[in-house]
Amino acid sequence: MTTATASYRQYCPISRALDLLGERWSLLILRDLLVGTTRFNDLARGLPGLSRTLLAKRLRQFERAGLIEKIGGRYLLTEAGHELEPILFGLGAWGARWTFGEPDPDELDADLLVWWMHTRVDTSSFPGLRQVLAVRFTDDPRRYWIVVERGAPSVCVTDPGYPVDVTIRSDVGSLYQVWLGRIPVLHALRTGRLEFTGPPALTRRMPTVLRLSPVAPYSDSRPELSSISA
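Every value quoted in this text rests on a predicted model; they were computed, and no experiment measured them.

**Describing the packing of aromatic side chains**
Phase 1: Enumeration over the complete set of coordinates arrives at four aromatic pairs.
Phase 2: Measuring from centroid to centroid gives 6.1 Å for Phe137 and Tyr144, while their planes differ by 80°, and the two rings are edge-to-face.
Phase 3: Judged by relative accessible area, which is 7%, Phe137 ranks as buried.
Phase 4: Sitting over the ring of Tyr162, Arg130 keeps its end group 3.7 Å from the ring centre.
Phase 5: Across the ring face of Phe100, the terminal group of Arg182 is positioned such that the distance to the ring centre comes to 5.7 Å.

This is the structure we're talking about:
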């Protein structure tokens, strides 16, 4: 299975695994594959610091190692790839408990946050075949729209021209922490760090429409969060 150019050259299963998975960006690419991203352009969009050349190289390595298969332009995890899920999310649980404090300013990327969020919205409880969520940041002038057409979400950075159902308003850091489970949604609403505006029949559904990050349950289990949500 070893395909990386550099090797620890130790006959040990941990060493062999790190030969394949220990290179820069490898685990984050696998994270996105595990949460359902399958197309090259979508992987690139969700990993903005990664060059497309290096992404292609890593995907080839994973394919040769039997972690993924490329079928019809989609990268699909094999059995070996899926078996990495408890390992990777176990790492996330450890990170949430021991390393996940307040965000650094250079970790806050509004573009990336909205991109992540759009893959998790569930507007099936909203009426009509098209739903539009506007995202407005109090500390970033850029404007975003999440448009869901017949269940398929996309992100617009220019006005799509459709009526907005609900506007999500927050500062970038607070919305990151809400989406990642560090701040409970209801607490953020009560304290004014998050606001939903629109028809009450729709805004009251937003805590379930805005499904949180797959790693949110690990952040939510941190002991200090129990006092925040109380």
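**Regarding the domain arrangement of the chain**
When the parts of a complex come together, some accessible area is lost, and that lost area is often used as the size of the interface.
Phase 1: When its domains are assigned, the chain resolves into domain 1 (13-99) and domain 2 (105-216).
Phase 2: Using only C-alpha atoms to locate each centre, domain 1 and domain 2 end up separated by 26 Å.
Phase 3: Each partner contributes to the interface: domain 1 provides seven residues, whereas domain 2 provides seven residues.
Phase 4: Carbon and sulfur atoms supply 67% of the area buried between domain 1 and domain 2, which totals about 650 Å² over both sides.
Phase 5: Applying the counting rule to domain 1 against domain 2 returns zero residue pairs in polar contact (both at pLDDT 80 or more).

**Focus on the packing of helix 7 (residues 110-118) against helix 8 (residues 172-179)**
Phase 1: Following both chains from N to C, one finds helix 7 and helix 8 inclined at 30°, their axes separated by 11 Å at the closest point. The angle between helix 7 and helix 8 falls in the class roughly parallel. The handedness of the crossing between helix 7 and helix 8 is left-handed. Counted together, Ala110, Leu112, Leu113, Trp116 and Met117 of helix 7 and Val172, Leu175, Tyr176 and Trp179 of helix 8 form the full contact between these two elements.

**With respect to a nonpolar patch on the surface**
Phase 1: On the surface, Leu27, Leu91, Trp94 and Trp98 cluster together to form a nonpolar patch covering roughly 470 Å² of accessible area.
Phase 2: Ranked by the residues each element gives to the nonpolar patch, the list is headed by helix 6 (residues 85-98), at three residues.
Phase 3: Considering the arrangement of structural elements, one finds Trp98 in helix 6.
Phase 4: With relative accessibility at 58%, the residue Trp98 sits in the exposed group.

Rules behind the numbers
Residues numbered from 1 in each chain as written. Predicted model: local features only at pLDDT ≥ 70, side-chain atom pairs only at ≥ 80, totals over all residues. Heavy atoms only, no water. Phe/Tyr/Trp six-rings, centres within 6.5 Å; stacked < 30°, edge-to-face > 60°. Buried < 20%, exposed > 50% of the residue type's maximum accessible area, 1.4 Å probe, protein only. Lys NZ or Arg CZ within 6 Å of the ring centre and 35° of its normal. Domains from an automatic or database assignment. Contact = heavy atoms within 4.5 Å. Buried area = accessible area lost by both parts, 1.4 Å probe. Polar contact = N/O pair within 3.5 Å; in protein donor to acceptor, adjacent residues only side chain to side chain. Axes fitted to C-alpha atoms, helices over the stretch in contact; angles between N-to-C directions. Helix = DSSP H or I, 4+ residues; strand = E, 2+ residues; numbered from the N terminus. Parallel < 35°, antiparallel > 145°, perpendicular 65-115°, else oblique. Left-handed = near helix turned anticlockwise from the far one by under 90°. Patch = residues over 30% accessible without salt bridge, like charges linked within 9 Å, V, L, I, M, F, W, Y side chains within 5 Å. Areas by Shrake-Rupley, 256 points an atom, 1.4 Å probe, with all protein chains shown as cover. Salt bridge = Lys/Arg side-chain N within 4 Å of Asp/Glu carboxyl O.

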